[in-house]
Amino acid sequence: ICGGTGITPAYQVIKAVLKDPADTTVCHLLYANQTPDDILLRSDLDGWARDYPDRFKVHYTVDRVPEGQTWTHSTGFICEDMIR
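The present account deals with the structure reproduced in this document. Everything quoted here is computed from the prediction, not taken from an experiment.

What counts, and where the lines are drawn
Per chain, residues are indexed from 1 in the order of the written sequence. Where totals are concerned, whole chains, interfaces and linings use all residues; where local detail is concerned, this predicted model gives features only for residues with pLDDT of at least 70, and gives and counts side-chain atom pairs only at 80 or more. Note: side-chain values were computed over all heavy atoms of the structure, leaving out hydrogens and water. Within 6.5 Å between ring centres, the rings of Phe, Tyr and Trp (the latter by its six-membered ring) count as paired, and their orientation is classed by plane angle as stacked under 30 degrees, edge-to-face over 60, tilted in between. Helix and strand definitions follow DSSP, with helices as H or I runs of at least four residues and strands as E runs of at least two, each counted in order from the N terminus. Working definition: with a 1.4 Å probe on protein chains only, accessible area under 20% of the residue-type maximum means buried, over 50% means exposed, and in between means partly exposed.

### Observations regarding the packing of aromatic side chains
The description of an aromatic ring pair uses the distance of the two centres, along with the angle that the planes make with each other. All told, the structure shown has 4 aromatic pairs when counted by the stated rule. Plain terms: the ring middles of Y31 and Y60 are 6.4 Å apart, the flat faces sit at 50° to each other, and that makes the pair tilted. With Y31 in strand β2 (residues 27-33) and Y60 in strand β3 (residues 56-62), the pair connects residues that are 29 residues apart, well separated along the chain. Assigned by exposure class, Y31 and Y60 land together as buried. On the basis of an interplanar angle of 55° and a centroid distance of 6.4 Å, the ring pair of Y60 and W71 is categorised as tilted. Here Y60, found in strand β3, pairs with W71, found in the loop between β3 and β4 (74-75); they are 11 residues apart in sequence, far enough to count as distant.

Quick look at the structure:
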């Protein structure tokens, strides 16, 4: 579970895990931000989810979506349902 710039340590761990073909660790990331535009490293995270579908899952949630912007992920604070 990460929020905003707190992604940095998790990013480093996930990158090391995925880079090692002998490591079978499965990572799930729940990442919260203010708006979709605030999501740091999104292209890397989405790429990993695409390239390692059995080893990495990412779930985004934002506090608000700017008017006119399309958003297909969660909105609101991290809650128990997101963690399950």
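### Remarks on the environment of D44
Checked against the element boundaries, D44 lands in helix α2 (residues 42-51). For D44, a relative accessible area of 30% translates into the label partly exposed. C-alpha of D44 to C-alpha of Y11: the two residues are 33 residues apart in sequence and 9.3 Å apart in space.

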